[in-house]
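Chain and residue survey
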Amino acid sequence: MGDAASDIQLLNAFIVFMNFVGIPAITYGSQLALGALGLTLVYGILRFSNFAHGDTMAFGTMITILITWGFQSMGLSLGPLPTALLALPFGIAATAIWLLLTDRVVYRFYRRQRAVPVIYLIASAGVMFVTNGVVRFIIGPADQRFTDGERFVVSVREFKAMTGLPEGLAIKTTQALTVVTAVVVVALLFWFLNRTRTGKSMRAFSDNEDLALLSGIDPERVVMVTWLIVAALATIAGTLYGLDKTFKPFVYFQLLLPMFAAAVIGGLGSPLGAIAGGYIIAFAEVIITYAWKKVLTYALPESWEPSGLVQLLSTDYKLAVSFALLVVVLLIKPTGLFKGQSL
Amino acid sequence: MSTRVQSSGAGAVRTLLMFIVVAGLIIGTGFVQSWNTALVILGLGLISSIMALGLNLQWGFAGLFNVGVMGFAALGGLAAVLVAMPPTPGAFAAGGPRVALALLLGAATVGAGLFVWRKLPSGALRALLVFVVVLVGLVLFRRVLDPGVAAIEAVNPASTGYLGGFGLPVLIAWPVGGLLAAGAAWLIGKTALGLRSDYLAIATLGIAEIIIAVLKNEDWLTRGVKNVVGIPRPVPYEIELQRDPAFVERAASYGLDPVMASTLSVKLLYAGLFAVVLLVLLVLSQRALNSPWGRMMRAIRDNETAAAAMGKDVTARHLQVFVLGSAIIGVAGAMLTTLDGQLTPGSYQPLRFTFLIWIMVIVGGSGNNFGSVLGGLLVWWLWVQVEPMGLWLMQVVTSGMADGSALKAHLLASAAYMRLMTMGVMLLIVLRFSPRGLLPER
Amino acid sequence: MSAPFLIGENMTGGYGAADILHDCTIAVDRGEIAVIVGPNGAGKSTAMKAVFGMLNLRKGAVRLDGEDIGHLTPQQRVVAGMGFVPQTANVFTLMTVQENLEMGAFIRTDDISTTMEEVFELFPILREKRRQAAGELSGGQRQQVAVGRALMTKPKALMLDEPTAGVSPIVMDELFDRIIDVAKTGIPILMVEQNARQALAIADRGYVLVQGANAHTDTGEALLADPEVRRSFLGG
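Rules used throughout
- Residues numbered from 1 in each chain as written.
- Chains lettered and ligands numbered in written order.
- Predicted model: local features only at pLDDT ≥ 70, side-chain atom pairs only at ≥ 80, totals over all residues.
- Heavy atoms only, no water.
- Phe/Tyr/Trp six-rings, centres within 6.5 Å; stacked < 30°, edge-to-face > 60°.
- Helix = DSSP H or I, 4+ residues; strand = E, 2+ residues; numbered from the N terminus.
- Buried < 20%, exposed > 50% of the residue type's maximum accessible area, 1.4 Å probe, protein only.
- Lys NZ or Arg CZ within 6 Å of the ring centre and 35° of its normal.
- Contact = heavy atoms within 4.5 Å.
- Core = buried A, V, L, I, M, F, W, Y, C linked by side-chain atoms within 4.5 Å.
- Domains from an automatic or database assignment.
- Pairing = 2+ DSSP bridges.
- Axes fitted to C-alpha atoms, helices over the stretch in contact; angles between N-to-C directions.
- pLDDT = per-residue confidence, 0-100.
- Salt bridge = Lys/Arg side-chain N within 4 Å of Asp/Glu carboxyl O.
- Polar contact = N/O pair within 3.5 Å; in protein donor to acceptor, adjacent residues only side chain to side chain.

Overview of the packing of aromatic side chains
What the rule picks out here adds up to 26 aromatic pairs over all chains. When the centroid spacing of 5.6 Å and the interplanar angle of 15 degrees are considered together, the rings of A:Tyr107 and A:Trp227 count as stacked. In this pair, A:Tyr107 sits in helix 3 (residues 84-113) while A:Trp227 sits in helix 9 (residues 219-244), placing the two residues 120 residues apart along the sequence. Residues A:Tyr107 and A:Trp227 agree in their burial class; the two are buried. Plain terms: the ring middles of B:Trp59 and B:Phe65 are 6.2 Å apart, the flat faces sit at 80 degrees to each other, and that makes the pair edge-to-face. Exposure class is identical for B:Trp59 and B:Phe65. Each is buried. Following the ring pairs from residue to residue traces out a cluster consisting of A:Phe48, A:Tyr107, A:Phe109, A:Tyr110, A:Tyr120 and A:Trp227. Positioned above the aromatic ring of B:Trp117, the side-chain terminus of B:Arg126 is 3.5 Å from the ring centre. Residue placement shows B:Arg352 over the ring face of B:Phe353; its charged tip is 4.3 Å from the ring centre.

Structure follows, in C-alpha cells:
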C-alpha cells in the first residue's frame, strides 16, 4: 500500500475518470445550467414553466449556425476558436426578436388577463409547436455540424508525451470554451441581478409583484428584459451544446426534461439552484451511464478486477436519470435545494 | 329555468351541426380524394377521439395537466404485443426466469430503499444508506438481467429475439393496455399530484420519454427499433375476403372490384369496432360528468381551496381521475397498435402523440366530452390534410421559381413542417379567441 | 379653515356591484396623524384603498394638495406623491433591507443617499441590518422596512394599512413612536388601525367608521373621551 506503483495506478484511474466522467460532466452540466437558468428566469418573472424553451434553444442555435456558415463561406474565422462565437451575437439578437414577438402576440394577452399558470403552460406548448415548425422548416430535422477551429486544447497524445503516463487526458476546445463561457455568462448574470438597478427591479418583481408595482417598477419592462436575457442564455446554451455534440432539433426538445429537472432540483425560480441542479443532473447522468471497468481496473487491486463493463444503466436511459432525480426531489423536497419561486 | 333548457337545447343543436360538418369533411374526402383515405382518416380519428376523451377527463373535469399522453398510448401498444403475439418458442426457457428474477430484484431494491428511508431518522447516514442500497441493487439487477436478456435476444434474432406474447385474441389487449397505463399513471400521480400544476406536467413529460426509451431499447420485450410486425388482427385479412366467393359476388353487386372492396370492408370493420368502444366510453364519460362524482370533480377544479375546506380529499380525487383518464388513453394506444398491426417504438413522437391530443381537447372544448370527440375527428382530419395543402401552397409559391433552384427545392422539401406550425397557430388562436372551444362546457 | 392636504370626500363605491363605502369622508393635514378605526367589516381598509385608488368610486373625489387625483391609478398616485404600506406582503423578503429601500425609490432618478440616510436616522435598526434579507427580520423590524421603503419616494402623504397587525404590544408601542417621529418630519399620515385605543391616543384626527359611513369624527383625544364611542366600540 502506498508504494509508487499503486500511486501511479490511482493516478491513471483518476485521469481516466476525468477524461470520461469529470470533464464531459462539467461541460454538459454547464450547458444544462445555462438552459435551466433560462427556464428559471421565465418561471421567476412570468411565473410559468416554459415548454417552448428547448425549441427556443434550437431556434437560437439554428440562426447561429446559418450565420456561421455564411462567415465560413466568406472566409471569416476566429483561428483556433469556432467561428460560431462570431455568429453568436446575431443568433442572440434574432432569438430576442423572436421571443419578444411571441411575448407580444401570445403571452402579453394572458398577462393582462392575469391568467392562471396552466394557461401559460398550454400557450407555451403552442409556441413550442410553432418554433419547432419554423426550425424544421428552415434547417430541417437532420443533424448539422458547424464546429471548426482547433479541435483540442490538450490532446491525448500531447498529454501522454507531456506526462509519460499510459493514460491520456483530452480537453476539447468546445469543452474548454463551454466552461469558460458559462462562468463568464453566469458571473455577468449575477452581477446584473445583484448590482444593477434593472436587475434588482427584476428580483423585486419576482419576489413580490404587487409591491414592485407599488414601487413604480414597470412590469412590461421587467418582462422585456427577462426575455432578452433568456434569449441570450438559450442561444448560448444551445450553441455550446451544438458545438460540443451536434445540432439536431429533436435533441433540443428532449433537453427540456434534464433542464426542467435541474431547475426543479435547484428550486424553480432560483438562479443559483438552476446552476447547482444543472451540474447535479449532468454528473448523475454521466456517472450512472459510464462503464466503470477501466477506472476500477486501475483503482482496485488486481484480484478485484471487474469482469463486466460495470455500467449501471445504458446510455439510452440517460433521460431516466434526470427523471429519477426529479421524482426523488418531488417526493422529498418539492421546493428544491434552494428555496425557489423567486430570483 | 326556461333559459337553461333553451341554452342546452341550443348547445345540442350546435353539437349536432358541428358533427354534421365533420362528417361532411370526411365524406367529402371520400368523394374528392378516395374512400380509402376517408376511412383511414376515420379510423385514426376515432382513436384520437378516445385519447382526447381520456385527456379531457383529466384536464376538462379536473384541470390536471398531463403531458405524457404519448407514454400511456405506447403502453397500450406494448399491451397489444404482449397479449396477441405468439410466444417465441424457447425464448422464455432461455432467459425468462432470469429476467423475471431481475425484475423482482429491481422492485425489491426500490422497496428496500423506501424502507430504509422511512425507518431511519433523516440525516447523512440515511442518505448514504439509501444510496448504497440502490447502488448494490442496481448492480445486482444488471448482473442477473444482462445474461437473461442476451439469451432471449439470441433466440432467432432475425425474426424474433424477444419473449413474444401470450397468443391471445388482440381485443383482450385493449383493456390490458388500459391497465398498464393506469399502473404507470398511479405511480406518477402518487409522486406529482398535490404539488404545483407545473410539476405534474414535467413529471408526465418525463415518464413518457422513459416509456418510449424502454420500448426502444428493451429488445427482449419489444424487439426495440426492429419493431414487432404482424400483430394478429381482430378483423379478417383482405386476402381472405378476396378468396371468399360470397364476398366477391357481393362486391360485384356494388360494382366494386374485390381488392378495393376488401380494403374498404376491413377499414369499415375497424372503424365499427372503434366506434363501439368510443360510444361506450362516451356514454360512461357523460354519466360520470353528470354524476355526483363528476360534479364534485368540477367543483374541485373550479375552486380547489374551497373544496379542500369542505373536507374533500383533493389529491385522492385527482389521483382517481388521473388514473382513469390515462387508462382510457392506454386503451386507445392499444387500439392504434392493433390497427397498425405493428409496434414501432421509433414512431412515437411527443408532438404527434401528446400535444396534438391537447389541441384536439382544447379546440373541441375543454370539459365537454362531445367536444373532445369532435376535436379528435376534426383536428385529425386537419392534421392529415394540412400536409398536402402545405405542399400545394408551396408549389403555388414556388411555381414562378426556376426549376432546380435551391430555394425551390428547399421550400418543397420543407412543406411537411408546415403542419407543425399550423397546429401551433391553431392552438394559440383557439386558446386566445375561443378558449372554451367549439363546443363549450355547459 | 383651508382644505386638508389629502382628502377623500363623500366617497361611495365598492369592489363589485354592492357599495361598501357610503358617502365616507377621510382627510389628513400636514404634520398630522389621522387614524381610521371601526369594528370588523366597517370598511376601514376599503376607505384607505379608495383614497389610494384601488377601487372604483361611483361618487366623491380624492384630492392631494388641492389637486383632483381621482382619475389616477395607484401607481400614478405613487408618482404624484402618495406613499402606501400594505398590511401584508409589504417587503421584498429575499432582498436585503438596503435593496428594499432602493426599490422603494425606484421611480426617483436623483440621488437617493440622503433620503436613505434620513430613513436610517428614523429607524436605526435598519442601518444595522441593512445587508440582511428583509424576510429574516422580526415582525416589527419588517414593518419598519415597509414604512422605510414607502418613505424612499419622499412622499407628500403616507398611508399605512394596519401597521401593527400581528406584532406584540411592546413592538406596537415602539412602532407607534416611530410613526410619530415620521409625522414630526411634516408628512401627513393616514392609517387604519385594529388597536383602536392605542392608535387614537396618538391621533390628531380620528375617524370611526360603521358600515362604510362616518359614525364619529373628532380628535383622537375627544373620541377616546366620547362615552358613546367608548361604549359601543372601545369596550367600556
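Topic: the environment of B:Phe370
All names here are of chain B. Its location among the elements puts Phe 370 in helix 16 (residues 369-398). C-alpha separation for the pair Phe 370 and Leu 439, spaced 69 residues apart in sequence, amounts to 7.4 Å. The contacts of Phe 370, once residues within four sequence positions are left out, are Thr 15, Phe 19, Leu 282, Gln 286 and Leu 439.

As for the nonpolar core
Within the largest apolar cluster, 271 residues are counted, with the highest numbers of intra-cluster contacts made by A:Leu34 and B:Met51. Three or more residues apiece are contributed to this core by two domains, here domain 1 (6-81 + 155-234) and domain 2 (88-150) of chain C. Not counting chain neighbours up to four residues away, the residues in contact with A:Leu34 comprise A:Ala182, A:Val185, A:Val186, A:Leu233, A:Ile236, A:Ala237 and A:Leu240. By size, the runner-up hydrophobic cluster in this structure holds 44 residues, among which are C:Phe123, C:Ala146, C:Ile179 and C:Val229.

Re the arrangement of the chains
Comparison of the 2 pairs of chains in contact shows the highest number of contacts for chains A and B. Structurally, chain B and chain C remain out of contact, their C-alpha atoms never closer than 20 Å.

A look at the sheet that holds strand 9 (residues 205-210) of chain C
Residue and element names in this part refer to chain C. Strand order in this open sheet of 6 strands is 6-7-8-3-9-10, and the pairing throughout is mixed. Two strands bound the open sheet, and with one partner strand each, they are strand 6 (82-85) and strand 10 (213-218). Each neighbouring strand pair of the sheet contributes to a mean axis angle of 15 degrees, computed without reference to strand direction. Where strand 7 (residues 157-161) lies against strand 8 (residues 189-192), 4 bridges are found, and the strand directions are parallel. In the strand pairing of strand 8, Met 159 is matched with Leu 190.

Considering the confidence of the model for chain C
On average, residues of chain C score 88 in pLDDT, and 98% of them are at 70 or above. Here the predicted complex carries an ipTM of 0.86, next to a pTM of 0.89.

Quick look at the domain arrangement of chain C
Residue and element names in this part refer to chain C. For chain C, the domain assignment lists domain 1 (6-81 + 155-234) and domain 2 (88-150). If you average the C-alpha positions of domain 1 and of domain 2, the two centres end up 23 Å apart. Between the two partners, domain 1 and domain 2, sit 0 salt bridges. Inspection of the domain 1/domain 2 interface yields 2 residue pairs in polar contact (both at pLDDT 80 or more). Listed by contribution, the elements that provide at least two residues to the side of domain 1 that touches domain 2 are helix 2 (74-80), strand 7 and helix 7 (169-184).

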